Amino acid sequence: MSENKLDIVALIPARSGSKRVPDKNIRPLAGHPVIAYTIAAAQGSGIFKDIIVSTDSENYAEIAKYYGAQIPFLRPAELAGDQSADIEWLQYTLGRLQDAGCTYDCFSILRPTSPFRLPETIQRAWHEFSTQIGVDSLRAVEKCRQHPGKMWVVRGKRMMPLLPLGPAEKPWHSCQYPSLPEVYVQNASLEIAWSRVALEGHTIAGNVIMPFFTTDYEGFDVNNGYDWQLAEHMGQNGIAKLPRITQPAYSKKRSTGYNNDQD
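Scope of this entry: the structure provided in the associated data block. Computed from a prediction, not measured in an experiment: that's the story for all the values here. (Residues numbered from 1 in each chain as written. Predicted model: local features only at pLDDT ≥ 70, side-chain atom pairs only at ≥ 80, totals over all residues. Heavy atoms only, no water.)

## Examining the nonpolar core
Point 1. Phe48, Val53 and Leu190 are the most contacted members of the largest nonpolar core, which totals 51 residues.
Point 2. Per-element accounting of this core gives the leading share, seven residues, to helix H1 (residues 35-45).
Point 3. Leave out the neighbours within four places in its chain, and Val53 touches Ile12, Ala14, Ile35, Ile39, Ala64, Ala69, Gln70 and Ile71.
Point 4. Within the second largest apolar cluster, 16 residues are counted, among which are Phe73, Leu94, Ala198 and Ala205. (Core = buried A, V, L, I, M, F, W, Y, C linked by side-chain atoms within 4.5 Å. Buried < 20%, exposed > 50% of the residue type's maximum accessible area, 1.4 Å probe, protein only. Helix = DSSP H or I, 4+ residues; strand = E, 2+ residues; numbered from the N terminus. Contact = heavy atoms within 4.5 Å.)

What follows is the structure, given as structure tokens:
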């Protein structure tokens, strides 16, 4: 099937109840709410029929609309908790869209906390996914910085290897890094899957998952204060590139069209 004949929807999850960094999905980064860069990357990729933000917040919805995303409905509070599984809001969103007559062949989850994911990143991932046969989904991964072969589970005053693999005389935890097998960890940059995987299989990824190898800072995730400082530094000094945003930075006045020269 041609990759140009499919309807794909970008789904940007942005619940409002973050505890580690309050309002992290709209926290300012280089002059714009961080969610704006994900919306801009999705727009710039040119592959999506619709770009939809799933949020439980009217405020988040207003900001997302300002930057060009659609919010056809708010996410119910019971699907926006810190322990809510992705499949819950995903099925809810696709189901409601389907009920409204909006059906899509594929969906891509683009999380707002990956601001250095560029339009070209999404294009590359879509090309790799759409030209594969027999896969359910694609997920962004990168090499582990700390190898799980050297990780431990602690129980009181004892501990055991997380991965008790390798010969007894040469366990992984006692091997040099170059001799260990390559291991990858998922990042928050992007996921792509066929809609049937969620609607019929009731899973976010299915059974046959292909890797998408992010490079440089495409998979960098901002989730704590140090991450934000580092992201600001990388953006200001040209170390990492942010998607281009053409409109002025969001403000309440701009979003409502209200202006008062005396303010």
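## Let's talk about the side chain of Thr55
Point 1. Relative to the elements of secondary structure, Thr55 occurs in the loop between strand E4 (50-54) and helix H2 (58-66).
Point 2. Engagement of the side chain of Thr55 in a polar contact is seen with the backbone oxygen of Ala14, the distance being 2.7 Å. (Polar contact = N/O pair within 3.5 Å; in protein donor to acceptor, adjacent residues only side chain to side chain.)

## Focus: the pairing of strand E5 (residues 106-109)
Point 1. By the alternation rule, side chains of E5 split into Cys106 and Ser108 and Phe107 and Ile109, which are all buried.
Point 2. Of the strand pairs in this sheet, strand E1 (residues 8-13) and E5 are connected by four bridges, and their pairing is parallel. In the sheet register, Leu11 faces E5, and the bridge partner there is Ile109. (Pairing = 2+ DSSP bridges.)

## Focus: the sheet that holds strand E10 (residues 209-213)
Point 1. One open sheet accounts for six strands, arranged E4-E1-E5-E9-E6-E10; its pairing is mixed. For this open sheet the edge positions go to E4 and E10, each flanked by a neighbour on one side alone. Ignoring which end each strand starts from, the neighbouring axes of this sheet average 30° apart.
Point 2. Of the strands in this sheet, E1 and E4 are in contact with H1, which crosses E4 at around 160°.
Point 3. Contacting E1, E4 and E5, helix H3 (residues 86-99) crosses the sheet at an angle of about 135° to E1. (Axes fitted to C-alpha atoms, helices over the stretch in contact; angles between N-to-C directions.)

## Examining the packing of aromatic side chains
Point 1. Within the structure shown, the criterion is met by seven aromatic pairs.
Point 2. Note on Tyr66 and Tyr250: the rings are 5.5 Å apart at their centroids and 75° apart in plane angle, and the pair reads as edge-to-face. Here Tyr66 is found in helix H2, whereas its partner Tyr250 is found in the loop between helix H6 (225-236) and helix H7 (252-256), with 184 residues between them in sequence. Note on accessibility: Tyr66 and Tyr250 belong to one class, buried.
Point 3. With a centroid separation of 5.8 Å and an interplanar angle of 90°, the aromatic rings of Phe73 and Tyr92 are classed as edge-to-face. One end of the pair, Phe73, is in the loop between H2 and H3; the other, Tyr92, is in helix H3, and 19 residues separate them in sequence.
Point 4. Accessibility expressed as a relative area gives 23% for Tyr92, which makes it partly exposed.
Point 5. Here a set of aromatic residues connected by ring pairs shows up, and it is made of Tyr66, Tyr67 and Tyr250.
Point 6. One residue, Arg96, lies across the ring of Phe73, its end atom 4.2 Å from the ring centre. (Phe/Tyr/Trp six-rings, centres within 6.5 Å; stacked < 30°, edge-to-face > 60°. Lys NZ or Arg CZ within 6 Å of the ring centre and 35° of its normal.)

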